[in-house]
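As a plain string of letters, each chain reads:
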Amino acid sequence: MGVSKDEMILNPNERKTVVTETSGDIPADVQVEGGEEKAKAERAKVEKAKAEKTVVYYKSRQPKSKETKVRFTVVPVSNDGQFCEGKQTGNGHKFGLKSPAQGYDVEADQSDTLTQNSITSLLSSKFRDVAKRWRQYGVDSPRFRKRLHSKWESMNYEIIDSQLQRKLNEEKVSKRKLAMLMLSNWLVYFAIGIGTALMAAGVQIIVELIAHQKFSLLKTYLDKCSTDKENCLYQPILIWMSINVGITLLASALVTYLQPMAAGSGIPLIKSYLNGVRIPGLLSLQAFVAKCVGVVLSILGGLACGKEGPMAHSGGIIAAGIGKGRIPWFKKYIDLYGLFRTDHNIRDLVAAGAASGVSAAFGAPVGGTLFSVEEAASFWNTELVWKVFFSAMVACFSTNFLLSAYEGHPTQLSNPGLVRFNTFPNLTFDLIEIPVFIIMAAIGGLIGSLFVVMNYKLTVFRQKYLHRKKWIKVVEASLVSGVSALAAFVLMFTIKDCTTAEPYNGHAFNTTMGCDGEGHNAMSTMFLTTPEGCLKALLHDSYDNYSVLTLVLFVTVFFFLGVWTYGLSVSSGVFIPSLTIGAAWGRLIGLGVIQLFPNQVLTSKAKDVGKYALIGAASQLGGCLRTTISLTVIIVECTGDITFGLCIMLALMISKWVGDFFTTGLYDMNVEVSGIPLLSWEPPPLCDHVYVSDFMSQPVMTFLPVEKVGHVYECLMGESFNGFPIIEQDPNCDSRYKGKLRGIILRFQILVLLSKKVFCQEGQVPSNQNSITLKDFQKTSPVAVRIEDIQLTDQEKQYVIDFRPFMNQTPYTVSLNFSMPRVFRLFRGLGLRHLVVVSDEFEPIGMVTRKDLAKYRAEIKKGMLHMEHLTVENR
């Protein structure tokens, strides 16, 4: 906050320095040619730019014989604050204390190392201005991926060491009570697995029943009109489009108007939540209804989506609901128990819920656990991994039992998940096929990168033009469903690919449109079924079921439909569409192997093109999502054959490497576009020389241990800070708000105290102070209380409020000489929300929050490392 950074182009021969309005002279590292007159001219340019509040770019070329050391540099901005005269920090910089009566705006400079190179440095300033305006107003504006939203806040993962907490810790706890608490913890994880299985089985059964009726109706009309094309061919297409548009209209309206957080798969938001970001509405009952009902309607509406991705989000919602132990009832809650309502416990439970959802979807408990570890959660230990795996195993077994019982044989347990690749009869490979698999993996990375890029452009377009009105979101989703039906009908009508081969295991309906005799249209086999049924067809149908033209057109159309569908205001997933796209072009490569090697030993094995379809599906999924370990285990568990695991792992690794060369993963792209301050596993590189004094937020707003209610109320109304250091006033300083740190109190705690009227006249003790317990803070959601909703009389504003019983008495602090890597690891490893920076006199002079660390992002694109300083936007 209030800190400008300069970016380095990571080229040993070039360097860029940004001179902002806070610097008056030419930087020392800028080489100015032309002598003193040239230097004066450059200084005049700086002064003029400073007066106009513009940014001047200097670019110097170092001699090729000299190596330029690349450094991650930041330039601290001086702040005007209140100081005691003669006091300064050890490094010579003065840092002011924020008085509650003062306010300041949050500003951050945006720099983009990708838009400045040796060619553009030769252009005139006019052409650079044109390019800047084009980037600002064009679809390719970097604003959507190079900024953070100030609305996202961290969770209170750290336990507040207050007097209330210490009083609770001092209470004697019997061994029996501890044993019951441990048993209750395991029962909660067991209930999460059971609840997720019930939800998954219910979604699967409803989709299968209604989809069977839908496609049966379409088959009847398509067969009826296949002979009389001129008079009744319009009937099936109108029925098909009407069904799709009507169902999708309900699906989109449910998500758009009930809970927008239920849109998409929910995995990027769950990932952000488990990283420590609080996302209001993500785990609410409205989100659960919109997610479960919405995903059923989305699939029945004919969209190119799957239900496996949303299962992770739905499982997380079930876990959070069971952990909180309360039932919503007409804007109130019926409390059942409150043992697991802290952010620490809820986040662990949500990790188990996400793993259970993936396990129930794919029948892969180990893969679900690894998915939660690799893709989602940030804080792990051995005990938590064991509990998550236990919950995932319960969900897998329960889903298997429920689906098997639905089919009439509950003891056989033949349905371990919602989607199974089923057993491949000849899933073997020869060493000579490894190069083919490597090429397929590279193709999957390229197509996956193209998917991410196109979806990113579409997402930016939606945010700029289509998300201004809710009804536009509903109309777009309905339009996509109608186009999907129209595209399927046109392909079936125009492509006369007739075959007599029966679909695998009767998974889909087929029609005789355009075919004479006993044959049926091969294209209808892929469209008159659910997305899971289409995937099974591509994996298991024989090599002569589909022609090359059919597969090429299907891949092209379904790819664009998948790109268009992901990001709609509906509950949908990207797992099944990615697998289906990859399986389709994988079959094409399998057919190519047969044509290239007709007389080779591979011919008999290559005719089983299912293994090529499986490698293509894995490569496409890896190219989109960029996960390796969990997806390998999930696919191996879905196939039930460990012998092919090496090829699957090789395909996923290479597709990830190829995809990372061009873009980030699809989930990471969604997180970046949403402006969520996600903290990576490791601190940014090249920042060992950067210290906390360079990037901390300052000045800080402080409170005294006892403050006037009116003063606190005005401060909360005027500022949006969520943490306030409590200081002991320095008697030797004229400033009232300067002194040694005594603790820190959260904004949420203050709001609860104000809402419950925990204040009194000066010199007295509030009558209800002793009745306030930790449960009062746990019962209230941090986003449910707002300062605007609290009404205080003029008399109450003259009262005083005592923060000492409720503040954190031992907050984590660092000195000014702490480096960025150490601060990053401390902040992330402990799950902190605020880290107070203190001077040598133990006075708070700055604050480090999640956004201060997330503003600096490093990524590798096209083999080059780029350092970015993100913008913090107030929304």
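Just above, that's the structure.
In this numbering scheme, every chain counts its residues from 1 along its sequence in written order. Selection of residues for local features in this predicted model requires a pLDDT of at least 70, selection of side-chain atom pairs for listing and counting requires 80 or more, and totals for whole chains, interfaces and linings are taken over all residues. Only hydrogens and water are set aside when side-chain values are computed; all heavy atoms of the structure are taken into account.

Quick look at the nonpolar core
Stage number 1. Here, nonpolar core means buried Ala, Val, Leu, Ile, Met, Phe, Trp, Tyr and Cys residues that are tied together by side-chain atoms lying within 4.5 Å of each other. Relative accessibility decides the category of a residue: with a 1.4 Å probe and only protein chains considered, values under 20% of the type maximum give buried, values over 50% give exposed, and everything between is partly exposed. Formed by 147 residues in total, the largest nonpolar core has its most connected members in W240, F362, F554, F575 and I648.
Stage number 2. The contact rule is simple, with two residues in contact once any of their heavy atoms fall within 4.5 Å. Discounting chain neighbours no more than four positions away, the residues touching F554 are M523, M526, F527, C534, L538, F559, T580 and A584.
Stage number 3. If you look at the next biggest cluster of nonpolar residues, it comprises 32 residues, including V712, I726, I790 and M807.

Points about the packing of helix α4 (residues 175–225) against helix α10 (residues 343–362)
Stage number 1. Lines fitted to C-alpha atoms define the axes, with helix axes restricted to the stretch in contact, and inter-axis angles between N-to-C directions lie between 0 and 180 degrees. Strands here mean DSSP runs of E at least two residues long; helices mean DSSP runs of H or I at least four residues long; both are numbered from the N terminus. It is at 9 Å that the axes of α4 and α10 come closest, and there the two elements cross at 40 degrees. Overall, the two elements α4 and α10 adopt an arrangement that is oblique. As α4 runs across α10, the sense of the crossing is right-handed. Residues V188, Y189, I192, G193, T196 and A200 of α4 touch α10, and the partners they reach there are D348, L349, A352, G353, S356, G357 and A360.
Stage number 2. Split into classes, the residues belonging to the contact of α4 with α10 amount to seven nonpolar, five polar and one charged. Oblique is the label for any angle not under 35 degrees, not over 145, and not in the 65 to 115 range, which are roughly parallel, roughly antiparallel and roughly perpendicular in turn. Handedness of a helix crossing follows the sense of rotation of the near helix relative to the far helix, less than a right angle counterclockwise being left-handed and clockwise being right-handed. Amino acid classes used here: Ala, Val, Leu, Ile, Met, Phe, Trp, Tyr, Cys and Pro are nonpolar; Asp, Glu, Lys and Arg are charged; the rest, including Gly, are polar.

As for the sheet that holds strand β18 (residues 813–814)
Stage number 1. In space, the three strands of this open sheet follow the order β18-β19-β20, with mixed pairing throughout. Looking along the sheet, the strands with just one partner apiece sit at the ends: β18 and β20 (844–848).
Stage number 2. Pairing analysis gives two bridges linking β18 to strand β19 (residues 835–838), with the strands arranged parallel. Across the sheet, residue T813 finds its bridge partner in β19, namely V836.
Stage number 3. Sitting on the sheet, helix α28 (residues 820–830) is in contact with β18, β19 and β20, with an inclination near 145 degrees to β19. DSSP-based pairing: two strands are paired if at least 2 bridges between them are found.

Concerning the pattern of salt bridges
Stage number 1. We define a salt bridge as a side-chain nitrogen of Lys or Arg found within 4 Å of a carboxyl oxygen belonging to Asp or Glu. Under the counting rule described, the total for this entry stands at 17 salt bridges.
Stage number 2. K851 is the partner of E153 in a salt bridge, and the nearest nitrogen-oxygen pair spans 3.6 Å. Residue E153 is located in strand β7 (residues 153–154), and its partner K851 is located in helix α29 (residues 850–854); the two are separated by 698 residues in the primary sequence.
Stage number 3. With relative accessibility at 23%, the residue E153 sits in the partly exposed group.
Stage number 4. Its relative accessible area of 13% is what places K851 among the buried residues.
Stage number 5. K307 is the partner of E532 in a salt bridge, and the nearest nitrogen-oxygen pair spans 2.8 Å. Residue E532 is located in helix α16 (residues 531–540), and its partner K307 is located in the loop between α8 (285–300) and α9 (308–324); the two are separated by 225 residues in the primary sequence.
Stage number 6. One salt-bridge network, in which partners are shared between bridges, spans R626, K656 and D660.

So, the packing of aromatic side chains
Stage number 1. For this analysis, a ring pair means two rings from Phe, Tyr or Trp (six-membered ring only for Trp) whose centres lie within 6.5 Å, classed as stacked if their planes differ by under 30 degrees, edge-to-face if by over 60, and tilted for the remaining angles. Applying the stated criterion to the full structure yields 20 aromatic pairs.
Stage number 2. On the basis of an interplanar angle of 80 degrees and a centroid distance of 5.9 Å, the ring pair of F437 and F644 is categorised as edge-to-face. Taken together, the residues span a long stretch of sequence, with F437 in helix α13 (residues 434–466) and F644 in the loop between α21 (629–639) and α22 (645–662) at a distance of 207 residues. Like F644, F437 is buried.
Stage number 3. Pairing F559 with F560 gives two aromatic rings, centres 5.7 Å apart and planes at 85 degrees, and the pair type is edge-to-face.
Stage number 4. Following the ring pairs from residue to residue traces out a cluster consisting of W186, F190, W386, F389 and F390.
Stage number 5. Here, a charge over a ring means that NZ of Lys or CZ of Arg falls within 6 Å of the ring centre while also lying within 35 degrees of the ring normal. Looking at R822, its charged tip hangs above the ring of F818, at a distance of 4.5 Å from the centre.
Stage number 6. In this structure, R828 is placed above the aromatic ring of W681, and the distance from its NZ or CZ to the ring centre is 4.6 Å.

Some points on the side chain of R833
Stage number 1. By secondary structure assignment, the location of R833 is in the loop between α28 and β19.
Stage number 2. No salt bridge is formed by the buried R833; its nearest oppositely charged neighbour, E153, is found at 4.0 Å.
Stage number 3. Any pair of N or O atoms that falls within 3.5 Å is considered a polar contact. Within protein, one atom must be able to donate a hydrogen and the other to accept it, and sequence-neighbouring residues count only if both atoms are side-chain atoms. In this structure the side chain of R833 is engaged in a polar contact, spanning 3.4 Å, whose partner is the backbone oxygen of S154.
Stage number 4. Among the polar contacts made by the side chain of R833, one reaches the side chain of N722 at a distance of 3.5 Å. When charges are counted, neither His nor the chain ends are considered; positive counts come from Lys and Arg and negative counts from Asp and Glu.

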